[in-house]
Amino acid sequence: MAAHTSQSVAKAAGSEGAEALAARGRSRATDNGNSGGLRRALATHWYAWTMIAPVVIVLGVIIGWPLFRGIYLSLTDANERNVARTIGARHIDATYEFVGLDNYTAVLSDPVFLQRLVWTVIWTVACVSITFGLGLVLANMLNRQFRGRAFYRMALILPWAVPGFVSVFAWRFLFNRDNGILNKLLDGGGIAAIPWLDDPTWAKFSVIAVNVWLGVPFMMVALLGGLQSIPGELYEAAEMDGATSWQRFRHITLPGLRSVSMTVILLSTIWTFNMFPVIFLLTRGGPGDSTEILVTQAFREAFVTSPRDFAGSATWGVLILALLMMFALVYRRSLRKQGEVW
């Protein structure tokens with residue numbers, strides 16, 4: 001009995017010692033985890049880091065440096081007259097100075113900023129909404145079996161394949177007030193010519209129409225891929241249960257497209273918010289400044305006004321980036337509340 005008791009005590013002591021050693025080992029591992037985690041990751045996945053290193057370097061040069069340079073210039077009074085420049089054999093050093101947040105105060109207090117922001121938001125919401133609606137309709141049509149479906153798919157993707165500036169110039173010719181095809185057709189029907197690009201209201205409709213024309217193919221292809229990922233058995237079961245076409249669309253198609261829709265809406269919003277070519281090539285921001293958006297205003301500050309205001313242009317650019325980042329964060333939070341992982 002005594003021997004048995006002594007053995008039990010020894011086992012207990014041994015188990016306690018083992019637990020103490022294990023706890024000590026865990027504490028040491030925790031202490032060294034922070035310092036050695038990165039080292040182990042580099043040693044284990046060195047090939048992955050080697051593969052992505054060129055991409056990181058290129059992105060840092062192409063995106064990182066201009067971004068930090070723009071932020072720095074937005075905090076100065078740099079313009080065409082005080083930046084470093086070379087005239088012939090003579091080099092003139094930069095004389096611009098650090099002014100802090102004065103540029104941001106000046107831009108945000110200027111009524112022009114609010115005007116550009118309101119129209120940019122209207123332009124973005126209108127383009128994304130119409131593009132998504134048309135893309136969803138066309139995707140549903142092309143998701144069905146019918147003769148010539150491949151031809152229609154190719155024809156609808158064609159505007160996406162054509163370079164954007166070519167499409168914009170073609171539309172500019174169509175919108176020409178005197179010789180444009182659209183006004184020729186209206187004239188043939190006894191309708192007076194419409195000043196598509198000469199009237200502020202019609203010019204806004206025109207730029208929205210062109211941007212929708214360019215954006216529908218991407219939206220259609222993305223949503224068509226989402227539709228084809230929805231199991232057909234769900235539609236068959238719903239049809240057997242007597243669900244109508246609208247009920248199947250509402251309770252199967254829309255929930256099945258939620259993840260794809262959230263992604264393409266976000267991307268389309270960012271692209272449309274910064275859609276410089278359509279505005280600049282079609283209307284140059286006119287007539288007057290009626291179709292100027294934030295990004296074209298930033299371009300105007302840097303390349304059109306005299307003297308060219310590099311600090312002001314950089315300030316507009318940083319504000320555009322800040323607005324888009326705020327939108328992305330709010331959008332991401334709303335998706336998480338709805339149970340979407342993004």
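Residues numbered from 1 in each chain as written. Predicted model: local features only at pLDDT ≥ 70, side-chain atom pairs only at ≥ 80, totals over all residues. Heavy atoms only, no water.

### Describing the nonpolar core
The line we're drawing: Within this scheme, the nonpolar core is defined by two criteria: the residues are buried Ala, Val, Leu, Ile, Met, Phe, Trp, Tyr or Cys, and they are joined through side-chain atoms within 4.5 Å. The cut-offs for exposure are 20% and 50% of the maximum accessible area for each residue type, with area from a 1.4 Å probe on protein chains only; residues under the lower value are buried, those over the upper are exposed, and the others partly exposed. Helix and strand definitions here come from DSSP, where helices need a minimum of 4 consecutive H or I residues and strands a minimum of 2 consecutive E residues; each element is numbered from the N-terminal end.
Among the nonpolar cores identified, the biggest contains 33 residues, and W123, V207 and V210 are the most heavily contacted of them. Put simply, the parts of the chain that give this core at least two residues each are α3 (102-108), α4 (111-142), α6 (164-174), α8 (200-228), α12 (276-282), α13 (294-303) and α14 (310-337). With six residues, the single largest contributor to this core is α8. Grouped together as the second largest cluster of nonpolar side chains are 22 residues, L224, A243, L257 and V264 included.

### What to know about the pattern of salt bridges
This is how it is decided: By salt bridge we mean one thing: a side-chain nitrogen of Lys or Arg within 4 Å of a carboxyl oxygen of Asp or Glu.
Taken as a whole, this structure holds four salt bridges when the rule is applied. For D198, the salt bridge goes to R177, with nearest N and O atoms at 4.0 Å. Placement of D198 in the loop between α7 (181-188) and α8 and of R177 in the loop between α6 and α7 is noted, with a sequence separation of 21 residues between them.

### Observations regarding the confidence of the model for the protein
Selection criterion: Confidence of the predictor at the level of single residues is given by pLDDT, which spans 0 to 100. In this description, contact between two residues means that some pair of their heavy atoms is separated by no more than 4.5 Å.
Here the protein averages 84 in pLDDT, and 88% of its residues register 70 or above. Scored below 50 in pLDDT, residues 1-34 shows two contacts in the model against residues more than four places distant or in partner chains.

### Some remarks on the packing of aromatic side chains
Our working definition: What counts as a ring pair is set by centres within 6.5 Å for rings of Phe, Tyr and Trp (its six-membered ring), and what kind of pair is set by the plane angle: stacked under 30 degrees, edge-to-face over 60, tilted for all other angles. A ring has a charge above it when a Lys NZ or an Arg CZ is no more than 6 Å from the ring centre and no more than 35 degrees off the ring normal.
Scanning the entire structure with this criterion turns up 19 aromatic pairs. Measuring from centroid to centroid gives 5.4 Å for F175 and W196, while their planes differ by 40°, and the two rings are tilted. With F175 in the loop between α6 and α7 and W196 in the loop between α7 and α8, this pair connects stretches of sequence that are 21 residues apart. The burial state of F175 is the same as that of W196; both residues are buried. Between F218 and W271 the ring centres are 5.0 Å apart and the planes differ by 65°, which places this aromatic pair in the edge-to-face class. Of this pair, F218 sits in helix α8 while W271 sits in helix α11 (residues 258-273); the two residues are 53 residues apart in sequence, bridging distant segments of the chain. Within the aromatic cluster, the residues linked to one another by ring pairs are W171, F175, W196, W202, F205 and W213. Directly above the aromatic system of F280 lies the positively charged group of R284, at a separation of 4.3 Å from the ring centroid.

### Things to note about unusual backbone geometry
Look at the link from G286 to P287: it is a cis peptide, with omega at 0°. Cis peptide bonds are those with omega within 30 degrees of zero, and the linkage from S306 to P307 qualifies with -5°. Assignment of secondary structure puts P307 in the loop between α13 and α14. Residue R284 is not a glycine yet carries a positive backbone phi of 55°. Position of R284 relative to the elements: it lies in the loop between α12 and α13.

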